[in-house]
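Residue strings, one per chain:
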Amino acid sequence: MRNRLSFQNVYYLPSGRIFVLKTKGGYTIECTEMRDVLVGSKLHAKVRTSQDPKLIWKHLAPYKDKWLLTVSTQKGCPHNCQMCDVAPLPFKGNLSQEEIEDQIRYLLYATPYAQSNKAKIGFARMGEPAHNIANVLGAILSLVSGSLDENTTGQKWLPCFNSILPRQTIQGLSGQDVLKRVLKFKEVQCNGRLHFQISCNSTDEEKRKELFGGADVLTIKKIIDIVNQYDITDRTVTLNFIVMKGVEVDVKKLMDFGLNPDKFMVKLIPLNETDNAKANNLETVANYNNYDDLKALADKFKANGIPVVFDAIAKCEEAGLCCGQLVSANQKPVQHIKYEIKKVNAFRLPDTECKKQIGYMVGTEICEQCEYFVAHNEQKRIITCSAVTPNNDD
Ligand code: SF4
C-alpha cells in the first residue's frame, strides 16, 4: 500500500472481519469483509440470536456466491446521524482516491479468496460519499476496470454507493447534481451494475432531518422525481428505511410521490443497538426473533408492486459491526477476541497460552483447541495459535 495506510488491528466477528487501518496523517479508519448469514424462516430467530459462532458459520453464504465488503470514504463524517457511531468521532476531511483504493487492496491482500461471483462493496462505512464524490467514483472505476485486483482474477464486483444525499456537499455540489452524477455513472461506467442506496428512514421530512442530526437532505419526493427521469438498468435504486418505533414510513405517501417498481426497491432494516441510537432513545420495531411488524410493512409495499428486502445482522455481531464502533474501541491493543461479543469493551486479551498448530486461517475459523480467533495480518498456510485462554471465563 506504499505506506499510505498502516495496519492497526483486526477484529473477528462470526461472519467476517473488521480491519482498523491508520492513514499517513494518523487517522484511524475501518474497512470490513463479511459473509452473509443465510436463514430459512424456521431457523431465522435461532441463528440471528445465537451467541455460538459455529451455528452461524453453518449458515454462512459461500464466498463465491456472496462476499460483502465495505471501505471508508472519509476520515470521520461531517454529519451527526442519531443512529450512527461515526457521528461522535472527529471529522478530518476526505480520504484520497488512493486511500480508498488501498483499503480494497488491503482487503484483497488479507483475504485468501480468489473469486466471488458477487463481491458487493459498500463505499460509505465511515463517511458520506457524496462529499467525496470524485474520489469515490474514481475508486469505483478503478475497481470495475479490474486494476485493483491483479492477483484475484475473476471477482465480479458490485459497487454500492450509500448516501443520505445532503442538499449541498462540502465541495459545493448540490444534492441533485450528486444524484444525477451517480445515476449517470451507474448506467454508463458500470452498465447499470452499481447498487445505489439512499438513506430515507422516514417519510416525514422533519423527522428525517432530525434523524440525520439536522442535516439538510434532498427530499424523498425530489429523489423519486429525478430517478423517474432516468433509464435504470440492472440494479434498481434502493430506498433504505431503518424502521423505528414512532417514526413514520407511509407507503401511500411514497406511491403518491411516484415510487415506480421499475426504478426502485425498498430495504427495511432493524435498528442496531449503537451507542448513539441508545443516547437518542431510538427504538427498533423489529428485533432478532420478531419481524412481524417489519413483515406487515413489507406487505404494504408488496401490495403496491414494490420489491422489498430485509437487511439484518446477527445479534452477536451487533457490537462491532456497526460503523465507527471499532475505531473508538481501538485504543486497546487487543490481539485476540473471544467470540461471545456483546459489547465492544468485552474484547479482551486472555491469559494462558494455546500454541496449537492450526491450518490456514480463513476469516471465520477459530482454533479448535482454545476457541479463540487468532488475529493475523499475513497469509500463511500453518500458524501457531498464539491465543491465550483465560483461567476462568468470567
Ligand atoms: S450514517 Fe453515514 S452520514 Fe450519517 S453520521 Fe454515519 S457515516 Fe455519516
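Residues numbered from 1 in each chain as written. Predicted model: local features only at pLDDT ≥ 70, side-chain atom pairs only at ≥ 80, totals over all residues.

Enquirer: What is the right way to look at the overall build of the protein in this model?
Expert: Within the protein, the secondary structure is distributed over 12 helices and 14 strands. In the protein, buried positions account for 46% of the 394 residues. In the protein, the proportion of contacts linking residues at least 24 apart, taken out of those at least 6 apart, comes to 73%. (Helix = DSSP H or I, 4+ residues; strand = E, 2+ residues; numbered from the N terminus. Buried ≥ 20, exposed ≤ 12 C-beta atoms within 10 Å, placed from the backbone. Contact = placed C-beta atoms within 7 Å.)

Enquirer: Can you walk me through helix α7 (residues 220-228) in this structure?
Expert: Because an α-helix completes one turn every 3.6 residues, residues spaced three or four positions apart along the sequence face the same direction. Looking only at α7, the buried set comprises I220, I223, I224 and V227. Looking down the long axis of α7, one finds its buried residues gathered within 95° of arc, a one-sided arrangement. On its buried face, α7 is in contact with α5 (175-188), β7 (195-199), β8 (237-243), α8 (251-257) and β9 (264-270). (Arc of directions from axis to C-beta.)

Enquirer: What exactly am I supposed to notice about the packing of helix α3 (residues 97-109) against helix α4 (residues 133-144) here?
Expert: For any two helices packed against each other, the geometry comes down to the angle between their axes and how far apart the axes lie. Here α3 crosses α4 at 40°, and the two axes come no closer than 8 Å. Looking at the two axes, α3 sits oblique to α4. In the packing of α3 onto α4, the handedness of the crossing is right-handed. Together, Q97, I100, E101 and I104 of α3 and N135, V136, G138, A139, S142 and L143 of α4 make up the contact between the two elements. Here the contact of α3 with α4 is composed, by residue class, of five nonpolar, four polar and one charged. (Axes fitted to C-alpha atoms, helices over the stretch in contact; angles between N-to-C directions. Parallel < 35°, antiparallel > 145°, perpendicular 65-115°, else oblique. Left-handed = near helix turned anticlockwise from the far one by under 90°. Nonpolar A, V, L, I, M, F, W, Y, C, P; charged D, E, K, R; others polar.)

Enquirer: Could you clarify how one ought to interpret the site of the ligand in this entry?
Expert: In the neighbourhood of the ligand, 10 residues make up the surrounding shell, with C77, H79, C81, C84 and E128 lying closest. By residue class, the composition of the shell around the ligand is seven nonpolar, two polar and one charged. (Near = placed C-beta within 6 Å.)

Enquirer: Where do I start with the pairing of strand β3 (residues 28-34) in this structure?
Expert: The side chains of a regular strand alternate, first on one face of the sheet and then on the other. A large share of β3 lies buried, amounting to seven of its seven residues. Side-chain alternation along β3 places T28, E30, T32 and M34 on one buried face and I29, C31 and E33 on a second face that is also buried. Sheet topology places strand β2 (residues 16-23) next to β3; seven bridges connect them, and they run antiparallel. The residue of β3 that forms the bridge with F19 is C31. Two successive antiparallel strands, β2 and β3, enclose a turn made up of four residues, where G26 displays a positive phi of approximately 90°. Note that β3 and strand β4 (residues 67-72) share four bridges and pair antiparallel. Residue pairing in the sheet places C31 in a bridge with V71 of β4. (Pairing = 2+ DSSP bridges.)

Enquirer: Looking at this structure, I do not really get the pairing of β7. What am I missing?
Expert: Of all the five residues making up β7, four are buried; the element is thus mostly covered by neighbouring parts of the structure. The pairing of strand β6 (residues 157-163) with β7 spans four bridges and is parallel. Residue pairing across strands places F161 opposite F196, the latter belonging to β7. With α5 bridging β6 and its parallel neighbour β7, the resulting β-α-β unit is right-handed. (Right-handed = clockwise from strand over helix to strand, strands pointing away.)

Enquirer: How should I be thinking about α4 in this particular structure?
Expert: Given a rise of 1.5 Å per residue, 12 residues ought to cover 16 Å, and the 16 Å separating the end C-alpha atoms of α4 matches this to within 8%. For α4, every residue scored as buried is listed here: I133, N135, V136, L137, A139, I140 and L143. Taken together, the buried residues of α4 touch α3, β5 (119-124), β6 and α5. The positive-phi residue at the C-terminal boundary of α4 is G146, with phi of around 90°. (Expected span 1.5 Å × (residues − 1).)

Enquirer: Teacher, can you tell me more about the confidence of the model for the protein here?
Expert: Caution is warranted with low-pLDDT regions, since their predicted coordinates should not be read in detail. Overall, the prediction assigns the protein a mean pLDDT of 79, with 72% of residues at 70 or greater. For residues 330-352, every residue scores under 50 in pLDDT, and the model assigns this stretch 54 contacts once sequence neighbours within four places are set aside. Note on residues 386-394: pLDDT is under 50 here. Beyond four places in sequence and across chains, it has 23 contacts. (pLDDT = per-residue confidence, 0-100.)

Enquirer: Explain the nonpolar core to me, please; I cannot follow it from the model alone.
Expert: What tends to happen in soluble globular proteins is that the nonpolar side chains get buried as a cluster. M83, F123, L165, I223, F241 and V243 are the most contacted members of the largest nonpolar core, which has 86 residues in total. Element by element, the count of residues in this core is highest for α4, at six residues. The residues touching F241, leaving out its near neighbours within four places in the chain, are C200, N201, V249, V266, L268 and I269. (Core = buried A, V, L, I, M, F, W, Y, C linked by C-beta atoms within 7 Å.)

Enquirer: How should the environment of E33 be read in this particular structure?
Expert: Looking at where E33 falls in the secondary structure, it is placed in strand β3. Along the backbone, E33 and L108 are 75 residues apart, and their C-alpha atoms lie at a distance of 9.3 Å.

Enquirer: In this structure, what is going on with the environment of A215? I would like to understand it.
Expert: You can see A215 is positioned in the loop between α6 (205-211) and α7. The residues touching A215, leaving out its near neighbours within four places in the chain, are H79, I164, P166 and K209.

Enquirer: What's the story with the packing of α5 against α7 in this structure? I'm lost.
Expert: Look at α5 against α7: their axes get within 11 Å of each other, and the N-to-C directions meet at 35°. Note on packing geometry: the crossing formed by α5 with α7 is right-handed. Taken together, the residues of α7 that come into contact with α5 (itself represented by Q176, L179, K180 and L183) are I223, I226 and V227. Here the contact of α5 with α7 is composed, by residue class, of five nonpolar, one polar and one charged.

Enquirer: Teacher, can you tell me more about the environment of T70 here?
Expert: Along the chain, T70 turns up in strand β4. We classify T70 as buried; it has 24 C-beta atoms within 10 Å. With 33 residues separating them along the chain, T70 and Q103 place their C-alpha atoms 8.9 Å apart.

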